[in-house]
Amino acid sequence: MMLTALQASAYLHHLNLRTPDVKRLATFYAEVMDMELIRLDGEEALLVGPQRRVLLTQGPAKTLQHAGFAVRDSEGLEGLRARAVEQGLEPADASVSLFESDAFSVCDPDGNEVIFGRAIADTAGPRGRIRGPIQHLTLATRDVEAIEGFYAGKLGFGVSDRVVDDAGRVMTCFMRGNHEHHNLACFRQDRQGIDHHSYEAGEWNTIRDWSDHFAARGVSLMWGPGRHGPGNNLFIFIEDPDGNWIEVSAELEVVHDRPVMQWPHAERTLNLWGRAILRA
């Protein structure tokens, strides 16, 4: 039986980021993103926090080694694999330490590898950490239509919202593999790779705690606090040493059954201090 990503309840489980300096970036994510460095071998690192996991692999900055999406169960995984086969995506067996052995991978039109699998149960991890499950990935792409066609059209992610310019060209597409407004998105840019990735704080007070945590480590906010239009979520942004944007978000919209919404390209965001911000 074929299943869509929505039917399989796909959610972002982990990211594998490329970096020219694994040790430097591992130190940053351990200290600033409040994660435990589990493994560092020179060309690869694994960092884990409560419901957040990041792998680092030697390579060009701001590019993706792979994104790991977990699904509900083995039936969901096999149903999604069957859909990938039917859509001609040629899924390949994949081996990653954070998933069970039946995982599979596909490549999107920009060459980004996406691995779908069943999550290995977390062992007792660090306690007393700030809440922040990894929540969504936003890709940079020159061809939003191709990325939407792959993830929504072929894999069956749901489209929540699109942002369009004055000529009607889609600039951003927000997609979901479950009821969260988006756990995958793409922005039209003049490059391919990663735009940003996000962690879900749950509520404003936890965004405050993250802000205090960043300040104590000398990391400045590069955008926010504010509230997005699409998704209606509160946010702050920082930047890692490779130039990857990192979002901490809260109160993301839960989507059950509504039409896809269309937003103007200049996304109006209300700053919590009362100032209007435009993001082109």
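You'll find the structure just up there.
Residues numbered from 1 in each chain as written. Predicted model: local features only at pLDDT ≥ 70, side-chain atom pairs only at ≥ 80, totals over all residues. Heavy atoms only, no water.

Undergrad: What should I look at first to understand unusual backbone geometry in this one?
TA: Negative phi values dominate among residues other than glycine, just as trans dominates among peptide bonds. Backbone torsion omega between G224 and P225 reads 5°, so that peptide bond is classified as cis. Here P225 is to be found in strand 14 (residues 223-227). Even without being glycine, N232 reaches a positive phi, approximately 60°. Mapped onto the elements, N232 comes out in the loop between strand 14 and strand 15 (234-239). (Helix = DSSP H or I, 4+ residues; strand = E, 2+ residues; numbered from the N terminus.)

Undergrad: Is there a simple way to explain the state of the cysteines in this structure?
TA: Covalently bonding the sulfur atom of one cysteine to the sulfur atom of another cysteine gives a disulfide. Throughout the structure, instances matching the rule amount to zero disulfides. Looking at the unpaired C107, the closest cysteine sulfur is the one in C186, lying at 17 Å. By relative accessible area, which is 48% here, C107 ends up partly exposed. Between C186, a free cysteine, and C173, which holds the nearest cysteine sulfur, the sulfur-to-sulfur gap is 5.2 Å. (Disulfide = S-S within 2.5 Å. Buried < 20%, exposed > 50% of the residue type's maximum accessible area, 1.4 Å probe, protein only.)

Undergrad: Just to check I follow, could you spell out the nonpolar core for this structure?
TA: For soluble globular proteins, the rule of thumb is that nonpolar side chains tend to be buried together. Y29, M33, F116, Y151, L155, F157 and M175 are the most contacted members of the largest nonpolar core, which totals 62 residues. The element contributing the most residues to this core is helix 1 (residues 22-31), with six residues. The residues touching L155, leaving out its near neighbours within four places in the chain, are T4, A5, L80, R83, A84, L89, V106, F116 and F150. (Core = buried A, V, L, I, M, F, W, Y, C linked by side-chain atoms within 4.5 Å. Contact = heavy atoms within 4.5 Å.)

Undergrad: Which parts of the structure should I look at to understand the side chain of T138?
TA: Along the chain, the position of T138 falls in strand 9 (residues 134-141). Take T138: its relative accessible area is 0%, and that puts it in the buried class. With residues near it in sequence (within four places) discarded, T138 still touches A185, C186, F187, I194, D195 and H196.

Undergrad: Help me out: how do you make sense of the sheet that holds strand 2 (residues 36-40) in this one?
TA: The strands making up a sheet are joined through hydrogen bonds of the backbone, oriented either antiparallel or parallel. Read across the open sheet, the eight strands follow the order 2-3-4-1-5-8-7-6; overall the sheet is mixed. Edge positions in the open sheet fall to strand 2 and strand 6 (92-93), since each of these has one partner strand only. Inspection of the sheet shows strand 2 paired to strand 3 (residues 44-49) by four bridges, in the antiparallel sense. Across the sheet, residue L37 finds its bridge partner in strand 3, namely L47. Docked against the sheet, helix 2 (residues 74-86) engages strand 6, strand 7 (104-107) and strand 8 (113-117), running at close to 35° with respect to strand 7. (Pairing = 2+ DSSP bridges. Axes fitted to C-alpha atoms, helices over the stretch in contact; angles between N-to-C directions.)

Undergrad: Just to check I follow, could you spell out the side chain of T206 for this structure?
TA: Along the chain, T206 falls in helix 4 (residues 204-216). By relative accessible area, which is 9% here, T206 ends up buried. When sequence neighbours within four positions are dropped, the list of residues in contact with T206 reads I130, R131 and A201.

The quantities given are spatial measurements derived from coordinates; they are silent on function.
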